[in-house]
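# Chains, contacts and geometry: an overview
Below are the chains, spelled out letter by letter.
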Amino acid sequence: MTTTTTRTIGFIGTGIMGAPMAARLVKAGHQVRVWNRTKSKADSLETVGAEIVDNPEEAASDSDVVIVMLSSGPVCDEILLGSSGLLKAMQPDATLIVMSSIPVETARRQAEEAATHQIHYLDAPVSGGEQGAIDGSLAIMVGGDTTSFKAVEHLLLTLGRPVHVGPAGSGELAKLANQMIVANSIATVAEAILLAERGGANPERMLAALEGGFADSTILRIHGQRMIQENFTPGGPSKWQFKDTQTAMAFAGELGLDLPVSTLVNSLYEKLVAQGDGELDHSALIRQLKRHNV
């Protein structure tokens, strides 16, 4: 397995998160080949030195690391395991890093399939939103074997703070926990702001008063301001938040767990998306609570 500092990287998926992540890898000195289904979303990376290719197989074939940042498990399966999937195009002993948020069982199955092609597999979903991708401050939750993780740890450090959680699927399990905490926290912040507004307090001054106390958090400070200003330009779209909470609830059900708080918040996101707000930032959940309290 290659452990040299400079890598040849195939990067698949350059959306809100993927584009700035790929740009950071280029600026760190890596040779990066980029593919995105909608080519226009990748074109800007050519100006920073990435090579834009016509298909995912071309991005993967001569790369010693392939990073996948796609929207869902089925999309990842299509690109990785299809009749002309990436696993068949990748060279033996290369490393596949799936940074998409996908079901735990999907990651485990992909890892097993990768092993049959002599490909090292890591599931490494991220948290931190678009700004975290730009700044290189993402939380990166990694599943897979320790040796494979250590071989690419320096590369992941370009993107944020990687932590090896356990065997294949463990990164996705940590991401589900993350998404439950994020969704539930957004819901509570939204309720608190709604309470302040309806009760006659200045919600901006309330946020200032809570700073430094036990209720203080990144979500309170950043998403609280978004809610007050009604600025729902997506850093993390509500439709993807719902996808992740729905996945978490399905996995909890498989484990026989009843999680009443997370179940309720998942239903709120389901209603938010059904109302046509799926493309808005996940902090837009306050819109659903306002509709509920007309």
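Up top you'll find the structure we're talking about.
Model, not experiment: these values are computed from the prediction. (Residues numbered from 1 in each chain as written. Predicted model: local features only at pLDDT ≥ 70, side-chain atom pairs only at ≥ 80, totals over all residues. Heavy atoms only, no water.)

### Some thoughts on the overall build of the protein chain
Within the protein chain, the secondary structure is distributed over 13 helices and 9 strands. Taken over the C-alpha trace, the protein chain has a radius of gyration of 20 Å; the compact-globule value for 294 residues is 19 Å, and the two agree within 12%. Among the 294 residues that make up the protein chain, the fraction classed as buried is 51%. Across the protein chain, every contact between residues at least 6 apart in sequence was considered, and the portion connecting residues at least 24 apart equals 65%. Counting only carbon and sulfur atoms, one obtains 53% of the accessible surface of the protein chain, whose full area is about 13,200 Å². Of the side chains in the protein chain, 23 bear a positive and 33 a negative charge, and the two mean positions are spaced by 5 Å. (Helix = DSSP H or I, 4+ residues; strand = E, 2+ residues; numbered from the N terminus. Rg over C-alpha atoms; globule rule 2.2 N^0.38 Å. Buried < 20%, exposed > 50% of the residue type's maximum accessible area, 1.4 Å probe, protein only. Contact = heavy atoms within 4.5 Å. Areas by Shrake-Rupley, 256 points an atom, 1.4 Å probe, with all protein chains shown as cover. Lys, Arg positive; Asp, Glu negative; His and termini not counted. Charge placed at Lys NZ, Arg CZ, Asp CG, Glu CD.)

### Things to note about helix H1 (residues 18-27)
Most of H1 sits inside the fold, with 8 of its 10 residues counted as buried. The set of residues buried in H1 consists of Gly18, Ala19, Pro20, Met21, Ala22, Ala23, Leu25 and Val26. Close packing links the buried residues of H1 with strand S1 (8-12), strand S2 (31-35), strand S4 (65-68), helix H6 (129-135), strand S8 (138-143) and helix H7 (146-157). Positioned one or two residues after H1, Gly29 has a phi angle of 100°, which is positive.

### As for the packing of helix H8 (residues 170-199) against helix H12 (residues 260-277)
The N-to-C vectors of H8 and H12 enclose an angle of 75°; their axes lie 10 Å apart at closest approach. As judged from the angle between their axes, H8 and H12 are roughly perpendicular. On H12, the residues touching Met180, Ala183, Asn184, Ile186 and Ala187 of H8 are Val261, Ser262, Val265 and Tyr269. Of the residues contributing to the contact of H8 with H12, the split by class is 7 nonpolar, 2 polar and no charged. (Axes fitted to C-alpha atoms, helices over the stretch in contact; angles between N-to-C directions. Parallel < 35°, antiparallel > 145°, perpendicular 65-115°, else oblique. Nonpolar A, V, L, I, M, F, W, Y, C, P; charged D, E, K, R; others polar.)

### What about the pairing of S8?
With 5 of 6 residues buried, S8 is to be regarded as a mostly interior element. Alignment of strand S7 (residues 126-127) against S8, held across 2 bridges, turns out to be antiparallel. Considered in S8, the bridge of Val126 is made with Ile140. Bridge analysis of S8 against strand S9 (residues 160-166) gives 6 bridges, and the strand direction is parallel. If you follow Ile140 over to S9, its bridge partner there is Pro162. (Pairing = 2+ DSSP bridges.)

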